[in-house]
Amino acid sequence: MSGFGCGDAFLADCPARLTVELIADKWTAVVLYGLSKGPVRHGELAELIGGISRKVLTQTLRRLQSHGLIRRHAYAEVPPRVEYELTPLGATLIEPIHVLTEWARANGDAVLDALDADPEPAARDDGVPHRGT
């Protein structure tokens, strides 16, 4: 017996893996954090985040909404106004995102130093910008 069970969130058949994959998406944590101060309109969120296309933001918002992490509220106004906000479930992710952010601040230079020291350029084909490149 391997000792692995459904409590192992990274294994294929565990329902928790879906959530881990959702959170690991490039924009999920950034979008959730952008919504952490309260309801925000699509354009305001795009400006706040920076570097995300409106199309990708829309796809990310739809995915987060379908997973119950955010709520979309369309107001019956002319012109139409739509705001996005965290659900109570989505709000539970803000503290873990903050912890990861602090880890990244504390260890970002060490990660970049390790990348710079890697003598294997092919191993650096990960799409992540590197210093000096």
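It should be emphasised that the depicted structure is a prediction, and the values quoted were computed from it without experimental measurement.

Caption draft 1: Region of interest: the side chain of T60. By secondary structure assignment, the location of T60 is in helix α4 (residues 54-66). Using a relative accessible area of 2% as the deciding quantity, one classes T60 as buried. Reaching out from T60, the side chain makes a polar contact with the backbone oxygen of V56 at a distance of 2.8 Å. If near-sequence neighbours (up to four positions away) are discounted, T60 is found in contact with W27, T28 and V31.

Caption draft 2: Structural context of unusual backbone geometry. Residue P79 is bonded to the preceding V78 through a cis peptide linkage, with omega at -5°. Looking at where P79 falls in the secondary structure, it is placed in the loop between β2 (70-75) and β3 (81-86).

Caption draft 3: Region of interest: the nonpolar core. If you look at the biggest cluster of nonpolar residues, it comprises 20 residues, and the most contacted ones within it are V31, L32, L35, L45, L57, L61 and I70. At the level of secondary structure, the elements contributing two or more residues to this core comprise α2 (28-34), α3 (42-49), α4, β3 and α6 (94-117). Residues in contact with V31, not counting those within four places in the same chain, are L45, I49, I52, L57, T60, L61 and L64.

Calculation rules
Residues numbered from 1 in each chain as written. Predicted model: local features only at pLDDT ≥ 70, side-chain atom pairs only at ≥ 80, totals over all residues. Heavy atoms only, no water. Helix = DSSP H or I, 4+ residues; strand = E, 2+ residues; numbered from the N terminus. Buried < 20%, exposed > 50% of the residue type's maximum accessible area, 1.4 Å probe, protein only. Polar contact = N/O pair within 3.5 Å; in protein donor to acceptor, adjacent residues only side chain to side chain. Contact = heavy atoms within 4.5 Å. Core = buried A, V, L, I, M, F, W, Y, C linked by side-chain atoms within 4.5 Å.

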